[in-house]
Amino acid sequence: MNIGELSRLTGLPVKTIRYYSDVGLVPEAERSHANYRRYDHSSLVRLEFVRTLRELGLDIATIRRVLDNGVDLASVAAAHAEAISVQIRVLRLRRAALRAVARRDPSPAELERMARIAQASADERRRIVDEFFDSIFADLPTAASEEAAKFAGMMRSASPDLPDDPTDEQVDAWIELASLVREPSFRDRLREMGRRSFGPSASPRSVPTEISDISWFTDHIAAAMDRGVTPEDPAAAAVVASVTARWTAAFDRVDDAAYRTELIEGLELAIDPRAERYWQLMAVINDWPPIPTTTHRWTWFLSALKAHT
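Residues numbered from 1 in each chain as written. Predicted model: local features only at pLDDT ≥ 70, side-chain atom pairs only at ≥ 80, totals over all residues. Heavy atoms only, no water.

What the chain contains, in helices and strands, is 16 helices and two strands. Taken against the 2.2 N^0.38 rule, which gives 19 Å for 309 residues, the C-alpha radius of gyration of the chain at 32 Å runs more than 25% over that of a compact globule. C-alpha atoms of the chain, sized along the principal axes, occupy 110 × 50 × 40 Å. Out of the 309 residues in the chain, the part that is buried amounts to 37%. Sequence-distant contacts in the chain: of pairs separated by 6 or more residues, those separated by 24 or more amount to 66%. For the chain, the exposed area adds up to about 17,500 Å²; of that, 54% sits on carbon and sulfur atoms. Positive and negative side-chain charges of the chain, numbering 40 and 47 respectively, have mean locations separated by a distance of 6 Å. (Helix = DSSP H or I, 4+ residues; strand = E, 2+ residues; numbered from the N terminus. Rg over C-alpha atoms; globule rule 2.2 N^0.38 Å. Buried < 20%, exposed > 50% of the residue type's maximum accessible area, 1.4 Å probe, protein only. Contact = heavy atoms within 4.5 Å. Areas by Shrake-Rupley, 256 points an atom, 1.4 Å probe, with all protein chains shown as cover. Lys, Arg positive; Asp, Glu negative; His and termini not counted. Charge placed at Lys NZ, Arg CZ, Asp CG, Glu CD.)

Before going further, it helps to examine the layout of surface pockets. The space that makes up the second largest pocket amounts to roughly 240 Å³. Along the walls of the second largest pocket sit 15 residues, with Arg89, Val90, Leu93, Ala120 and Arg125 positioned nearest its centre. Those elements giving two or more residues to the lining of the second largest pocket turn out to be α5 (73-104) and α7 (122-137). If one sorts the elements of the lining of the second largest pocket by residue count, α5 sits on top with five residues. (1 Å grid on protein atoms, 1.4 Å probe; cavity = no way out; pocket = protein on both sides within 12 Å on 5 of 7 lines; lining within 4 Å. Points joined across faces, edges and corners; volume = space filled by probe spheres on them.)

This brings us to the packing of aromatic side chains. This model, assessed by the stated rule, comprises 13 aromatic pairs. Consider the rings of Trp216 and Trp247, whose centres lie 6.5 Å apart with planes at 80°: the pair is edge-to-face. Residue Trp216 is located in helix α12 (residues 215-226), and its partner Trp247 is located in helix α13 (residues 234-251); the two are separated by 31 residues in the primary sequence. The burial state of Trp216 is the same as that of Trp247; both residues are buried. Feature note: the residues Phe132, Phe133, Phe137, Phe186, Tyr278 and Trp279 constitute an aromatic cluster, connected by ring pairs. The side chain of Arg246 reaches across the aromatic face of Trp216, ending 4.1 Å from its centre. (Phe/Tyr/Trp six-rings, centres within 6.5 Å; stacked < 30°, edge-to-face > 60°. Lys NZ or Arg CZ within 6 Å of the ring centre and 35° of its normal.)

Attention now goes to the pattern of salt bridges. For the coordinates displayed, the defined rule picks out 17 salt bridges. Its salt-bridge partner being Asp188, residue Arg191 comes within 2.3 Å of it at the nearest N-O pair. A residue pair is termed a helical-turn pair when its members lie 3 or 4 positions apart in one helix, as Arg191 and Asp188 do in helix α10 (residues 184-198) at three residues. On the basis of relative accessible area, Asp188 is assigned to the partly exposed category, the value being 41%. (Salt bridge = Lys/Arg side-chain N within 4 Å of Asp/Glu carboxyl O.)

Attention now moves to helix α8 (residues 146-157). Working note: α-helix, 3.6 residues per turn, so residues spaced by three or four point in the same direction. The end-to-end C-alpha separation of α8 is 16 Å, in line with the 16 Å expected for 12 residues at 1.5 Å each. For α8, the full list of buried residues reads Glu147, Ala148, Ala152 and Met155. End-on, the buried residues of α8 take up no more than an arc of 135°, which puts them together on one face. With respect to the buried face of α8, the exposed residues turned more than 90 degrees away are Glu146, Lys150 and Ser157. Residues of α8 that are buried in the fold lie against α7, α10 and α15 (273-285). (Expected span 1.5 Å × (residues − 1). Arc of directions from axis to C-beta.)

What follows concerns the environment of Pro289. By the secondary structure assignment, Pro289 is in the loop between α15 and α16 (295-307). As for Pro289 and Ser43, which are separated by 246 residues in sequence, their C-alpha atoms are 56 Å apart.

Moving on to the nonpolar core. Core analysis: the biggest nonpolar cluster contains 34 residues, and Phe132, Phe133, Trp174, Ile175, Leu177, Phe186 and Tyr278 have the highest contact counts within it. Not counting residues within four places of it along the chain, the set of residues in contact with Leu177 comprises Pro160, Tyr278, Leu281, Met282 and Ile285. (Core = buried A, V, L, I, M, F, W, Y, C linked by side-chain atoms within 4.5 Å.)

Let us now look at the confidence of the model for the chain. Interpretation of the predicted coordinates at a detailed level should be avoided for regions scoring low in pLDDT. Taken residue by residue, the chain gives an average pLDDT of 85. The fraction at 70 or more is 93%. Looking at the elements of the chain, mean pLDDT is at its lowest for helix α11 (residues 209-212), recorded as 64, and at its highest for α16, recorded as 97. (pLDDT = per-residue confidence, 0-100.)

Once that is clear, we can look at the environment of Arg277. Tracing the sequence through the fold places Arg277 in helix α15. Among the residues examined, Arg277 registers a relative accessible area of 34% and is labelled partly exposed.

Next up on the list: the packing of α7 against α8. Contact pair α7 / α8: the axes reach a minimum separation of 11 Å and the direction vectors enclose 160°. In terms of axis orientation, α7 runs roughly antiparallel to α8. Between α7 and α8 lies a crossing of right-handed hand. Note on element contacts: α8 touches α7 through Phe151, Ala152, Met155 and Arg156, opposite Asp130, Phe133, Asp134 and Phe137. Taken together, the residues that form the contact of α7 with α8 break down as five nonpolar, no polar and three charged. (Axes fitted to C-alpha atoms, helices over the stretch in contact; angles between N-to-C directions. Parallel < 35°, antiparallel > 145°, perpendicular 65-115°, else oblique. Left-handed = near helix turned anticlockwise from the far one by under 90°. Nonpolar A, V, L, I, M, F, W, Y, C, P; charged D, E, K, R; others polar.)

Okay, here's the thing in structure tokens:
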């Protein structure tokens, strides 16, 4: 058959077939007396194979090695599949960065930082997280406080670990988390929390087992909120008293004005939606169970505590 007939059978342009012939991928079977290219059935089969490999993204040089040098096609396919996987991961990160840009309309400096975050390697991602932990734990007396050292170790052990083949949601979460941990005000807030909890004036103590599960607290508050009880409502006083009674009993304290004032100060520092968002993003990245939003429950309780102290 001539090159036109081969084109009609395969749907490939004549120009493409001629190029494949010129580079040796699909050599003609013979030449006519007028020096026109002629092809046979084996040429048709080889051309279809070349087209399939090209559609899969293999370059001309690789296809030639497969066809002419007996290179193992399975190995070539596996290597190419891995290369495509890397490209997909890069594209996902870039798409996540662009989505973040669209949401935030960042300044040029913020845009540059987000681009670097999106293109970060696994080692670079680890350095971003380690630098964050180093900054917030720098003032903790880890050498003198066993509880402080234990807390810092727990935080570091629960760091984000983006998988090799992340989902779109995980990529988006990583972009947001990397931006969050670089916020100076967020770092300042966490450092102050650490100083309050483990500084020289703090009394090192573990959270008693009977109150370590906060679900009892959030469920108790949720029930009041669902009934429409406002923080200023007299009914909220009973809710506050119930919670503080449990806490003072666990820590061997007295539920008086001094304790409640101390509690208010601690909650004002601790209640920060960014802290909760940090753990929610961690859950997405590390494929943990979803972490529900409870900040609004704590905010209600803080308002009620202020209103009835």
